[in-house]
Amino acid sequence: MLSARKKILFLKLGLILWTLWVFINYLIHHSSYIYAATHPPYIKTIFILIFISIGIFFLFSKGHFKWRGWMIYTFLLIALMIVYNSFSKEASISDGFSFKNQGFFLINSISLHLGTFLIFLCCYAAGNKFLKQFKGILNVHHKFILGVALGMGILTLLLMGLAAIGFLQTWTIIPILVVLLIWQRKVCWPFIKYVFWNPINTKDVSFWTFAVVAIILIFTAFNLVGMLKIFPLGYDGAVLYQNITKNIVDSQSLEQGGQAYNWSLFTSLGPLLFGSMTFSIFLSHIMGVLSMWAMFHLGRIFLSITGALIGIAIFYTLPAISFHNFIDEKVDLGFLFICIAIVIFFLNYAKSFQYDFSIKNKTSITFFSLLGFLMGFALGIKYLGVLIIIAIILMIVYQWGGIKAYLGMMLTMVAILFLLKINTFGYLDISSTQRFTIVGIFSLLGIGSLLFYFKKFDWVRGFRLAQNIGIMLVVITLSFMPWIIKNTIETDNISTKTILYGKTAQEPLNHEYSFLTENNIPNKISEQHKEGITRYLGEEQVLGFDNEDFIDQFERLKNQKKSAKKKIKKNRTNTGKREEILRYLGYEKGLNDYLSLPYDVSMGINIPNKRGVNIGFLFLLFLPLLVLSLKKEKIFDLKNSIGLFVFGIVLLLSWKAAMISKGSTLSIADYLSNFYPNSSNSFLDLSKDIYLPFLELQTSVSELIQPLFRVFSKMTFPVTLCVLILFCILFAWIAKDNWRKFNQSVKLILTFIMTYGFLWWIFGNGIPHYALIIWSLSSLLIAYYYENISLFISKGLDSFTKRSIQILFSVFVTLNLLVHFSNANNDLNQISNVFFEPFISHYSNNFITNQNFDNPRSIIAPAAEVLNKDVSTKIYRVGTFMNYHIKENSTRVYEDNQLNLFDQVSDKLQNPNDFLTVLKLNDIKYIVFSLKVATIDQTPEKSLTDKATRLVKVLNNKDRIRLVMTNNKVSRTDPKTNKTKISYGLIGKTVEQGNLAIFEIL
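A few points on the structure. (Residues numbered from 1 in each chain as written. Predicted model: local features only at pLDDT ≥ 70, side-chain atom pairs only at ≥ 80, totals over all residues. Heavy atoms only, no water.)

1. Considering the overall build of the chain
Counting secondary structure elements, the chain contains 46 helices and eight strands. The C-alpha atoms of the chain give 29 Å as radius of gyration, which agrees with the globular expectation for 1002 residues (30 Å, within 12%). Viewed in the frame of its principal axes, the chain has a C-alpha envelope of about 80 × 75 × 65 Å. Buried residues in the chain amount to 57% of all 1002 residues. The contacts of the chain with a sequence gap of at least 6 include a subset with a gap of at least 24, amounting to 76%. Of the side chains in the chain, 94 bear a positive and 60 a negative charge, and the two mean positions are spaced by 12 Å. (Helix = DSSP H or I, 4+ residues; strand = E, 2+ residues; numbered from the N terminus. Rg over C-alpha atoms; globule rule 2.2 N^0.38 Å. Buried < 20%, exposed > 50% of the residue type's maximum accessible area, 1.4 Å probe, protein only. Contact = heavy atoms within 4.5 Å. Lys, Arg positive; Asp, Glu negative; His and termini not counted. Charge placed at Lys NZ, Arg CZ, Asp CG, Glu CD.)

2. Quick word on the pattern of salt bridges
All told, the structure shown has 18 salt bridges when counted by the stated rule. The salt bridge involving K330 is made with D236; its shortest N-O contact spans 2.2 Å. Placement of the pair is K330 in the loop between α15 (319–326) and α16 (332–352) and D236 in helix α10 (residues 235–251), with a sequence separation of 94 residues. According to the relative accessible area criterion, K330 is buried, its value standing at 8%. With a relative accessible area of 23%, D236 lands in the partly exposed category. Here R962 and E1000 are joined by a salt bridge, their closest N and O atoms 2.8 Å apart. Of the two residues, R962 sits in strand β4 (residues 961–966) while E1000 sits in strand β8 (residues 996–1001), which places them 38 residues apart along the sequence. In this structure R962 comes out as partly exposed when scored by relative accessible area, which is 39%. Residue class for E1000 comes out buried when judged on its relative accessible area of 14%. The structure contains a network of salt bridges with shared partners spanning D236, D328 and K330. (Salt bridge = Lys/Arg side-chain N within 4 Å of Asp/Glu carboxyl O.)

3. Quick notes on a positive patch on the surface
Together, K129, K132, K135 and K143 give the surface a local cluster of positive charge. Examined against the element boundaries, K129 turns out to sit in the loop between α5 (99–127) and α6 (140–164). (Patch = residues over 30% accessible without salt bridge, like charges linked within 9 Å, V, L, I, M, F, W, Y side chains within 5 Å. Areas by Shrake-Rupley, 256 points an atom, 1.4 Å probe, with all protein chains shown as cover.)

4. Notes on the packing of helix α37 (residues 744–763) against helix α38 (residues 772–787)
Remark: α37 packs on α38, axes separated minimally by 10 Å, with the N-to-C direction vectors making an angle of 140°. The handedness of the crossing between α37 and α38 comes out as left-handed. On the side of α37, the interface is formed by V746, I749, L750, F752, I753, Y756, G757 and W760, while α38 contributes I773, I774, W775, L777, S778, L781 and Y784. (Axes fitted to C-alpha atoms, helices over the stretch in contact; angles between N-to-C directions. Left-handed = near helix turned anticlockwise from the far one by under 90°.)

5. A short note on the sheet that holds strand β6 (residues 980–984)
One open sheet accounts for three strands, arranged β6-β5-β7; its pairing is antiparallel. The open sheet has two free edges, formed respectively by β6 and β7 (989–992), since each of these has just one partner strand. Adjacent strand axes in the sheet meet at a mean angle of 35° when their direction is disregarded. Of the strand pairs in this sheet, strand β5 (residues 969–973) and β7 are connected by three bridges, and their pairing is antiparallel. The residue of β7 that forms the bridge with V970 is T990. (Pairing = 2+ DSSP bridges.)

6. Overview of the state of the cysteines
Enumeration over the complete set of coordinates arrives at zero disulfides. C122 forms no disulfide, and the closest cysteine sulfur to it belongs to C123, at a distance of 7.0 Å. Taking the relative accessible area as the measure of exposure, C122 reaches 2% and is therefore buried. Summary of cysteine pairing: C728 is not part of a disulfide, and the nearest cysteine sulfur, belonging to C722, is at 12 Å. (Disulfide = S-S within 2.5 Å.)

7. A word on the sheet that holds strand β2 (residues 893–895)
Spatial ordering of the open sheet is given by β2-β1-β3-β8-β4, a layout of five strands whose pairing is mixed. The open sheet terminates on both sides in strands that have one partner only, identified here as β2 and β4. Direction aside, the axes of adjacent strands within the sheet are offset by 25° on average. Note that β4 and β8 share five bridges and pair antiparallel. Across the sheet, I961 pairs through a bridge with I1001, a residue of β8. Those strands touched by helix α42 (residues 860–867) are β1 (874–878), β3 (924–930), β4 and β8, and its axis lies near 145° from that of β4. Sitting on the sheet, helix α46 (residues 943–955) touches β1, β3, β4 and β8, and the angle it makes with β3 is about 135°.

8. Comments concerning the environment of F636
Relative to the helices and strands, F636 resides in the loop between α30 (618–627) and α31 (638–661). As a C-alpha pair, F636 and K7 span 629 residues in sequence and 10.0 Å in three-dimensional space. Sequence-distant contacts of F636, defined by excluding residues within four places in its chain, comprise F10, S641 and L644.

9. Considering the packing of aromatic side chains
Aromatic rings in a pair are described by how distant their centres are and how their planes are angled relative to each other. Under the defined criterion, the tally for this structure stands at 63 aromatic pairs. Taking the centre distance of 5.4 Å and the plane angle of 75° together, the rings of F23 and F617 count as edge-to-face. A residue pair is termed long-range when its members are at least 10 positions apart, and F23 in helix α1 (residues 4–28) and F617 in the loop between α29 (597–603) and α30 qualify at 594 residues. Ring-pair connections join several aromatic residues into one group, and the members of that group are F134, F345, F346, Y349, F353, F357, F367 and F368. One residue, K246, lies across the ring of Y884, its end atom 5.5 Å from the ring centre. (Phe/Tyr/Trp six-rings, centres within 6.5 Å; stacked < 30°, edge-to-face > 60°. Lys NZ or Arg CZ within 6 Å of the ring centre and 35° of its normal.)

10. Here's the deal with the pairing of β5
Judged from the five bridges that link them, β5 and β6 form a sheet pairing that is antiparallel. Note on β6: the bridge partner recorded for K969 is Y984. Hairpin geometry of β5 and β6 is characterised by an intervening segment of six residues between the two adjacent antiparallel strands and by a positive phi of about 60° at N978.

11. Here we look at the side chain of T801
Mapped onto the secondary structure, T801 falls in helix α40 (residues 798–820). According to the relative accessible area criterion, T801 is buried, its value standing at 4%. Apart from the residues within four sequence positions on either side, T801 is in contact with L15, I789 and I793.

12. As for the nonpolar core
Counting 305 residues, the largest nonpolar core has I392 and Y756 as the members making the most contacts within it. Counting 29 residues, the second-largest nonpolar core is a separate cluster that includes L516, F902, L916 and F999. (Core = buried A, V, L, I, M, F, W, Y, C linked by side-chain atoms within 4.5 Å.)

13. Quick word on the packing of helix α4 (residues 69–90) against helix α9 (residues 207–226)
Where α4 contacts α9, the axes come no closer than 8 Å and their chain directions differ by 60°. By the angle class used here, α4 and α9 are oblique. Relative to α9, α4 is oriented so that their crossing is right-handed. Counted together, I72, F75, L76, A79, L80, V83 and Y84 of α4 and L217, T220, A221, F222, L224 and V225 of α9 form the full contact between these two elements. A breakdown of the residues in the contact of α4 with α9 according to their chemical character gives 12 nonpolar, one polar and no charged. (Parallel < 35°, antiparallel > 145°, perpendicular 65-115°, else oblique. Nonpolar A, V, L, I, M, F, W, Y, C, P; charged D, E, K, R; others polar.)

Dropping the structure here:
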């Protein structure tokens, strides 16, 4: 047995080695940190902001002033203008330093902020009435947060009702909101004072606590500059979320088809009230600030002020969160705010009623009703709300029956999800047999375990608990009911799919065999249809069939019974979803795909060099610390030994999977090329030379588990799922000692993290922004671990661990700060280009209501003019951000981002060039093509690249198609004069790579 001194020394060495391993692996896969640290473009700006922050701290530390909201806002405006001026100078914006330009930008910023605040004030006015019963349960902060969250849901229902009857207009919205504000003026005034005037509690705020606040505010000021946009720059914002908002506002009615879009409806308030889509875009981004507000007051339930701020800083400075805060205009930050509000409401109620959810009285009925309304609203924002609902239910079940009831209910829930075919929404490619196998196994295990421990549960309380949960589920259904009605009317059908998805107004592209034959287009039976017919009729029946015979059989069978139609029309594997969605998860096989996910997501393996998926290294670093018990006298007991062994195996499997995913024959140098851009930078070259021996050793050790890797890769999904459940149970057993040290509120949060996290692990495909609520709660959990380090670490090691965490936190935030002030696309050639310069220039010369964007450096305005000249023409679009700028795009534009439609049509054609004829016969005049469509292709077989290459060949038919415009710049040498000319085009040597080409079908 090790002596106490040797044990401490051994643990210190282990912590240092683990930290170094995680940190080095992280830097290997994120070269942008090295470049940003060695070439910081805005280092002077950062230091200026830091020095101003220090000065403000000493000014307020003397006690002459009390911190108030308007003072913090003033600091934000000063920091915002410093960032603006720095960028103006770096981007060489003409007259960037003139008082006129600065005045325009400052007035536009303040107008945007105050207009948005007015919307949130209306939300609070609409939602606060329902919280009167919780006066002794909610503190003032939680009351304001929940009032805003409830009001957002209520106003969204109002907007949907007005849109449904065609009255979604400014003249109907403004009177309603004015009446609402007048009616609720007595509660609105305290909210205004709370935000701007009430003194903020700064008791015992140290210099280092203030430093954390300053970092958060500096990030916010930077983000506020980037939030000022004329149109969305993010792909999802331009193609989907903000596009829906724009269509709603333009048509003054609901958009047909698609999923529920509560968030797009809510953000339509901005342009309806102020006549500018800038407000809608800003609403999506500013929810990051509201989420931090809610997250801080959630943390204060079990953390000190400093602890809550540390948790916020960890989460808010993550590159992935920065991406949402000012780059892509998604719905995820709005969804996050509602989720945090739900958790706040849940924990407050739990503490007030001694964690007994079986109580049934007026307050409990109101609580479960409002909780159901918020979850229904969240479900209408994003269908991930299903995971929130399950997590909340299982938190309640855990509080009632402990871990046994939790496990039984969790297994039953998994069975129900697969029974309802939720796996199809998670794009799990499993057969019906596998699905029913999972349903059978997990329902038996779940219900069986509940029955096995039947006598240990208090079923009287359980029945009352079920009634309360029933109330919650009924209100969730009622809250979501408008979307069910809308989708049912549009589809004229009721099923799981039609309840969740409406029918678009657009007619499908006609490429049936009969259509091709009628128009004399030579066609052939597609391979997937041929396989379907052969499978249905049998090989003997189709022996000797030629192309015409197969087509005749297809036309005959497709109109017969449903089972025949399904079999013969069954498409090949959905390569589009495989290319778009599964790239986040990776393309390893079997169990390896899921075991490697924590490492893959933390290191950014599957989608290299993308800031939007970078969640940092702290979550992986703290995972074993939270699981292993490091306060025992005998550290290497059975539990810890098993835990360390399993951790080691999983990490080796993860590294093996990483190498396989990037090509099994890759050398270490070739592997690194996936994460290092082509650059002559000496620091990058030096770092690669340093990493090579480290990776060689790591790869050699990982070869030891090759047999295990091979076995795991052959596991079917039902077996994989069972192993993952066992894996979670094993780690729960190992972490049992640490679990007992958490207070009840933290246990409930951990239960939420485990439930949502496991379901995300299975159904979320490793998409980081699907798990923002997990990263936010885990950040607070890390802060809790730091504040209560003595509960988890042996005496003599706790101070060392605490100091190590402080150093790690400082390094983590510093690196994130440097990267934040650099190019968001990790483009080393444009590292100082942190914002979209045309927007900054526009709002330096125009008021916020001026939406006429015509910048000579952008192709968008001339492209939109061409595409909108005749709105009766239709458009075939492959990728690009142009959808937002095309009028009536919901009916005019055929979207084919992963080229599935092209693949299906061309597979039927004898001559691939006839694809253009098919488009023309469907009244399509223009093709809008992304020159970077294949860049997202991470599949081992490069299927998207292959489809893109085939389409490019079709687009080279100069006699059937012409290039209208592109922003791709090439150089061409005239053979006669031998002079080189640089112009926009696609043929020649690329000088400046563009991203858009528009073709006209002749």
